[in-house]
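# Inside the fold
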Amino acid sequence: VWVADNGVNLDMIYAIIGRAGNRAPRFQAAMEMLQGHWLNGFGPGVYVDITANRDFDHITDGLEYLDPAGLPVINVLLEAVSNAGVLAAVVLIVVFLYVMFLVIVRVNDNDERRVMIGAMLAFGVMLQFESSYLRAYVWLAFGIFVARALHLRAVSVVPAGKETA
């Protein structure tokens, strides 16, 4: 009643709760669902369909806005496990650590190395709050890290006869 009397938009409150407030129930639901499927997962994109009609009242105490049914898992590692099993999550971690190792070994400038490592650590933390590794900005950021670690440079194509001396 206080909320409605003071002009606060209830839809906005439910949106905030929906985006941040149901992370713990979604984590609990994912851990429960993956108990019997941790080795192979459910298959790509199947987790949301499997949980859509499942009852999670024992996790949410019947509060609808906390219900994780039909929602994706809460982070990229759990998404990898739910899609393809624990080996997929291990591969993601190993590739990420290998690229970080390449940055440490190959980037010669100490300041740039520190910035790259900090950015990669921040990226790794961000992936724990992101629920899809299929977003373009995830792969864009990772591609930038890989390109820098491998010392890849932009290639300019100059038409024949237009070269400068």
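Residues numbered from 1 in each chain as written. Predicted model: local features only at pLDDT ≥ 70, side-chain atom pairs only at ≥ 80, totals over all residues. Heavy atoms only, no water.

## With respect to a nonpolar patch on the surface
Taken together, Trp38, Leu39, Val86, Leu87, Val90, Val91, Val94 and Val95 make up a surface patch of nonpolar side chains, about 710 Å² in accessible area. Structurally, Trp38 can be placed in the loop between helix H3 (23-34) and helix H4 (47-51). Residue Trp38 is classed as partly exposed on the basis of its relative accessible area, which comes to 49%. (Patch = residues over 30% accessible without salt bridge, like charges linked within 9 Å, V, L, I, M, F, W, Y side chains within 5 Å. Areas by Shrake-Rupley, 256 points an atom, 1.4 Å probe, with all protein chains shown as cover. Salt bridge = Lys/Arg side-chain N within 4 Å of Asp/Glu carboxyl O. Helix = DSSP H or I, 4+ residues; strand = E, 2+ residues; numbered from the N terminus. Buried < 20%, exposed > 50% of the residue type's maximum accessible area, 1.4 Å probe, protein only.)

## Concerning the pattern of salt bridges
On inspection of all chains with the given rule, the structure shows three salt bridges. The shortest N-O distance in the salt bridge between Arg114 and Asp111 comes to 2.5 Å. A residue pair is termed a helical-turn pair when its members lie 3 or 4 positions apart in one helix, as Arg114 and Asp111 do in helix H8 (residues 110-127) at three residues. Assessed through its relative accessible area of 55%, Arg114 is described here as exposed. Arg148 is the salt-bridge partner of Glu112, the closest N and O atoms lying 2.3 Å from each other. Here Glu112 is found in helix H8, whereas its partner Arg148 is found in helix H9 (residues 136-149), with 36 residues between them in sequence. The exposure class assigned to Arg148 is buried, which follows from its relative accessible area of 17%.

## A word on the nonpolar core
Formed by 30 residues in total, the largest nonpolar core has its most connected members in Tyr47, Met120 and Phe123. Put simply, the parts of the chain that give this core at least two residues each are H3, helix H6 (76-84), helix H7 (86-106), H8 and H9. The leading source of residues in this core is H7, at six residues. (Core = buried A, V, L, I, M, F, W, Y, C linked by side-chain atoms within 4.5 Å.)

## Some remarks on the packing of aromatic side chains
The geometry of two aromatic rings is summed up by the distance between their centres and the angle between their planes. In total, this model carries four aromatic pairs according to the counting rule given. Look at Phe96 and Phe123: their rings are 6.2 Å apart centre to centre, the planes differ by 25°, and that puts the pair in the stacked class. With Phe96 in helix H7 and Phe123 in helix H8, this pair connects stretches of sequence that are 27 residues apart. As far as burial versus exposure is concerned, Phe96 and Phe123 are alike and both buried. Note on Phe123 and Phe145: the rings are 5.5 Å apart at their centroids and 65° apart in plane angle, and the pair reads as edge-to-face. Pair noted here: Phe123 is in helix H8 and Phe145 is in helix H9, with a separation of 22 residues, a long-range link. Taken individually, Phe123 and Phe145 each receive the classification buried, so the pair is uniform in this respect. In this structure an aromatic cluster arises from ring pairing among Phe96, Phe123 and Phe145. (Phe/Tyr/Trp six-rings, centres within 6.5 Å; stacked < 30°, edge-to-face > 60°.)

## Digging into the confidence of the model for the chain
Looking at the chain, pLDDT values average 82 and 79% of them are 70 or higher. Mean pLDDT values over the elements of the chain span from 51, in helix H1 (residues 2-5), up to 93, in H4. (pLDDT = per-residue confidence, 0-100.)

## Things to note about the environment of Ala88
Tracing the backbone through its elements, the reader meets Ala88 in helix H7. The spatial distance from the C-alpha of Ala88 to the C-alpha of Leu39 is 9.5 Å, given a sequence separation of 49 residues.

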